[in-house]
Amino acid sequence: MLTTYDYPVARIVSETDLDSILVGDSLGMVVLGYQNTQKVDMEDMIRHTSAVSRANPPQLIVADMPFLSYEVSKEEAVRNAGLLVKAGADAVKLEGGQEVADVVRAITKAGIPVMGHIGMTPQRYLKLGGFRVVGKSDAEFNSLVEDGKALEEAGAFSIVIENTYADVAETITRSVSIPTICIGAGLSCDGQVLVIHDLLGLSDVRPYFAKAYVDLKSEIKKAVSNYVHDVKSGEFPGKENYKDRAN
Ligand code: KIV
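Reading the values: rules and limits
- Residues numbered from 1 in each chain as written.
- Predicted model: local features only at pLDDT ≥ 70, side-chain atom pairs only at ≥ 80, totals over all residues.
- Heavy atoms only, no water.
- Helix = DSSP H or I, 4+ residues; strand = E, 2+ residues; numbered from the N terminus.
- Buried < 20%, exposed > 50% of the residue type's maximum accessible area, 1.4 Å probe, protein only.
- Contact = heavy atoms within 4.5 Å.
- Areas by Shrake-Rupley, 256 points an atom, 1.4 Å probe, with all protein chains shown as cover.
- Lys, Arg positive; Asp, Glu negative; His and termini not counted.
- Charge placed at Lys NZ, Arg CZ, Asp CG, Glu CD.
- Pairing = 2+ DSSP bridges.
- Axes fitted to C-alpha atoms, helices over the stretch in contact; angles between N-to-C directions.
- Core = buried A, V, L, I, M, F, W, Y, C linked by side-chain atoms within 4.5 Å.
- Near = heavy atom within 4 Å.
- Polar contact = N/O pair within 3.5 Å; in protein donor to acceptor, adjacent residues only side chain to side chain.
- Nonpolar A, V, L, I, M, F, W, Y, C, P; charged D, E, K, R; others polar.
- Disulfide = S-S within 2.5 Å.
- Salt bridge = Lys/Arg side-chain N within 4 Å of Asp/Glu carboxyl O.

(A) The arrangement of the overall build of the chain in detail. The helix and strand tally for the chain stands at 10 helices and eight strands. Overall, the C-alpha framework of the chain stretches about 75 × 35 × 35 Å when taken along its three principal axes. Classification of the 247 residues of the chain by burial places 47% in the buried group. Sequence-distant contacts, at least 24 apart, represent 57% of the contacts inside the chain between residues at least 6 apart. Looking at the chain as shown, the accessible area adds up to about 13,000 Å², and 54% of this sits on carbon and sulfur atoms. Side-chain charges of the chain comprise 25 positive and 34 negative groups, with the mean position of each set lying 4 Å from the other.

Here is the structure:
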């Protein structure tokens, strides 16, 4: 699984053998320039989910439910999950474990598949005390395992496990029968997810658990510098780039 936020990248991704696309609320940070994901709202998620869906990718499209779109009431959560489906999502993802089990149950009952997200949950970074690895203490470890079980019991079809110790993710994976998808949680999950800006080398700050497979930032800088050079030197536009009425 990889995040994708817009039409052109979704077109490219659709030609790969990637299994699923996450329209993640990480778009708030990597696309919109916010410091965290809490400012992302339903309008943002609907706009980006629609753009990805218009690329018609063969992959499963999972859309993130943004901060405060599912915490206030189950009714609001179902309505908002429905709006993401109408925008083109095949499933929604929301953060939290035992405390959101009722919400997961309500959305699933409405016929919308739900992916859980436990471990380091970025929308709850204030309560967590920052963006940190979770699961060190026995209490946190046990609570995460219970979170996984509660999500499965509530009807989630899969669970993202973010930024926890490898043995914690392994124990959760063994405790549930639905697929787990890791990010910063080791090798024992059933799948992996990355933020595409990290993979493409476009992020300003890349977390320790992400890997860049290409340095697009340098490539973009090179292309822009070459363009500026060519415009200043008169090499662009070339004869092939404009029409002359005489010819
Ligand atoms: O929003 C996102 O990109 C995510 C992934 C980090 C799993 O939730």
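Back to the text.
(B) Highlighting the sheet that holds strand E3 (residues 60–64). Strand order in the open sheet made by the eight strands is E1-E2-E3-E4-E5-E6-E7-E8, with parallel pairing throughout. One side of each edge strand has no neighbouring strand; the edge strands of this open sheet are strand E1 (2–3) and strand E8 (191–192). Across two bridges, the pairing between E1 and strand E2 (residues 20–23) is parallel. Among the inter-strand pairings, Thr3 is bridged to a residue of E2, identified as Leu22. Packing against the sheet, helix H5 (residues 101–109) makes contact with strand E4 (91–95) and strand E5 (114–119), and its axis sits at approximately 170° to E4.

(C) Spatial organisation of the nonpolar core. Within the largest apolar cluster, 54 residues are counted, with the highest numbers of intra-cluster contacts made by Met65, Leu84, Val92, Leu94, Val104, Ile107 and Ile161. Ranked by size, the runner-up nonpolar core spans nine residues in total, among them Leu22, Val62, Val160 and Ile183.

(D) Structural view of the site of the ligand. In the neighbourhood of the ligand, the contacting residues comprise Thr3, Leu22, Gly24, Asp25, Ser26, Asp64, Lys93, His117, Val160, Glu162, Ile183 and Val195. Here Asp25 contributes a side-chain N or O atom positioned 3.0 Å from an oxygen atom of the ligand. If the ligand stood free it would expose 260 Å²; the protein chains cover 95% of that surface. Among the residues making up the shell around the ligand, the classes are represented as four nonpolar, four polar and four charged.

(E) Quick peek at the side chain of Thr4. When you line up the elements, Thr4 lands in the loop between E1 and helix H1 (7–13). Look past the residues within four positions of Thr4 in its chain and what remains in contact with it is Val9, Ala10, Val13, Ile21, Leu22, Val23, Val52 and Ile196.

(F) Quick peek at the state of the cysteines. Applying the stated criterion to the full structure yields one disulfide. Across the disulfide from Cys182 sits Cys189; the S-S distance is 2.0 Å. The sign of the 60° torsion about the S-S bond sets the Cys182-Cys189 disulfide as right-handed. For the pair shown, Cys182 and Cys189 are each scored as buried.

(G) Inspection of the pattern of salt bridges at higher detail. Evaluation of the coordinates by the stated rule reveals 11 salt bridges. As a salt-bridge pair, Arg132 and Glu140 come within 2.6 Å of each other at their nearest N and O atoms. Given a relative accessible area of 29%, Arg132 falls into the partly exposed group. Judged by relative accessible area, Glu140 falls into the partly exposed class, the value being 24%.

(H) Broad picture of the pairing of E4. Burial runs high along E4: five of the five residues are buried. Side chains Ala91, Lys93 and Glu95 project from E4 onto one buried face, and the interleaved Val92 and Leu94 project onto a second face that is buried too. Two strands pair when backbone bridges link them, and E3 and E4 are joined in this way by three bridges, in the parallel orientation. Each residue of the ladder has a partner; that of Asp64, found in E4, is Lys93.

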